[in-house]
Amino acid sequence: MSSENLGGVIITGSARGIGRAIADHLAQTGYGIVIADLDESAGTRAAAEIQKAGGNALFRHVNVADRKSVAAAVMACEEAFGFIHAIVNNAGFNRPQHFLETTEDNWNKIMTINGLGVLIGMQEAAKAMIAAGHKGKIVNTASIASRSGDAEWVPYCASKAAVVSMTQAGAKALAQHGINVNAFAPGVVQTDLWTQLDKDLMDMGISSRPGEAMQNFSQNIPLGRTSTPQDVVGTVAFLISPASNYMTGQCLMIDGGMIMQ
Ligand SMILES: NC(=O)c1ccc[n+]([C@@H]2O[C@H](COP(=O)([O-])OP(=O)(O)OC[C@H]3O[C@@H](n4cnc5c(N)ncnc54)[C@H](O)[C@@H]3O)[C@@H](O)[C@H]2O)c1
């Protein structure tokens with residue numbers, strides 16, 4: 001680990017899944033970690049486990065769609081780790097519905113958390129970086145769904161396309177402050193999100209047995225397997241490191257080759 005203070009990184013949705021893997025990895029690299037999540041018990045446990053493994057982490061109860069809670073997490077990050085080096089806007093969820101039956105409620109919930117939550121995270125982190133004069137990094141979690149619409153998850157695809165658009169807008173707005181804004185787009189990752197999707201798709205009659213939906217969705221992955229959260233951590237580490245200083249407004253696919261651009 002480096003002896004220089006690398007500052008803090010806020011990772012939203014890091015009590016479990018992809019965010020948790022990112023938190024573990026960045027803690028090992030020497031960043032102070034803020035686990036920012038709705039789930040208090042898993043989030044507190046994650047922070048304690050990182051501490052036990054020799055890292056530096058704290059938990060903050062955050063709803064990414066609630067600006068006050070995000071601003072409080074930014075402040076907690078600065079207090080604990082000196083300054084905020086990066087935010088990873090990773091919290092997100094999906095609830096599938098048939099295209100013709102997709103409701104306003106489903107749209108509003110998904111767009112609020114996956115879309116507005118990313119905008120608020122970028123804004124609150126950037127304001128603190130600008131005030132501190134720190135050339136920080138913003139990383140947003142997009143998805144293969146940002147590049148390819150799917151009949152059963154219209155709002156989710158729209159929200160992830162919005163993440164890519166906001167990444168580009170944020171990159172242009174914040175370049176003058178030396179803040180890089182990039183995104184990464186996972187493919188099919190084995191997390192609780194997919195466990196829930198699998199159940200939902202069975203309830204909708206789209207699949208008939210556990211695991212079938214994931215199997216169908218991933219049978220043509222060129223690299224021949226689904227993803228684990230571990231598959232994305234190196235890219236996130238790169239995107240918050242000086243090695244990516246000349247990159248901004250980009251979305252890197254980490255999907256085993258599902259979408260080639
Ligand atoms: N799993 C996949 O296949 C996959 C693929 C592409 C993109 N993604 C994206 O990756 C990100 C992480 O997904 P995951 O698979 O780890 O999901 P997950 O369901 O395992 O974990 C999501 C975490 O986000 C938290 N969260 C949810 N809503 C929140 C809110 N409003 N405020 C704060 N925290 C909140 C949950 O409590 C949970 O800890 C999401 O943005 C998801 O859309 C996932």
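Residues numbered from 1 in each chain as written. Predicted model: local features only at pLDDT ≥ 70, side-chain atom pairs only at ≥ 80, totals over all residues. Heavy atoms only, no water.

A.B. asks: Is there a simple way to explain the site of the ligand in this structure?
C.D. replies: Not every one of the 28 residues close to the ligand is listed here, only the nearest: Arg16, Asp37, Asn90, Tyr156 and Thr191. Contact distances for the ligand include 2.8 Å between an oxygen atom and a backbone N or O atom of Ile18. Among the elements of the structure, α1 (17-29), α5 (154-174) and α6 (192-203) are those that each provide at least two residues to the shell around the ligand. Among the elements that line the shell around the ligand, the one with the most residues is α6, at three residues. A class-by-class count of the residues in the shell around the ligand yields 14 nonpolar, nine polar and five charged. (Near = heavy atom within 4 Å. Polar contact = N/O pair within 3.5 Å; in protein donor to acceptor, adjacent residues only side chain to side chain. Helix = DSSP H or I, 4+ residues; strand = E, 2+ residues; numbered from the N terminus. Nonpolar A, V, L, I, M, F, W, Y, C, P; charged D, E, K, R; others polar.)

A.B. asks: What should I look at first to understand the nonpolar core in this one?
C.D. replies: Taken as a class, soluble globular proteins show a tendency for nonpolar side chains to be buried jointly. Residues Ile10, Ile84, Ile138 and Trp194 are the most contacted members of the largest nonpolar core, which totals 47 residues. Other than its neighbours up to four places away in sequence, Trp194 contacts Trp153, Val188, Val189, Leu201, Ala213, Met214 and Phe217. By size, the runner-up hydrophobic cluster in this structure holds 29 residues, among which are Ala46, Phe59, Val233 and Ala237. (Core = buried A, V, L, I, M, F, W, Y, C linked by side-chain atoms within 4.5 Å. Buried < 20%, exposed > 50% of the residue type's maximum accessible area, 1.4 Å probe, protein only. Contact = heavy atoms within 4.5 Å.)

A.B. asks: Explain the environment of Ile84 to me, please; I cannot follow it from the model alone.
C.D. replies: Tracing the backbone through its elements, the reader meets Ile84 in strand β4 (residues 84-89). Among the residues examined, Ile84 registers a relative accessible area of 2% and is labelled buried. Distance from Ile84 to Lys135, taken between C-alpha atoms, is 9.7 Å for residues 51 residues apart in sequence. Not counting residues up to four positions away in its chain, the partners in contact with Ile84 are Gly8, Ile10, Val74, Cys77, Glu78, Ala125, Ala128, Met129 and His134.

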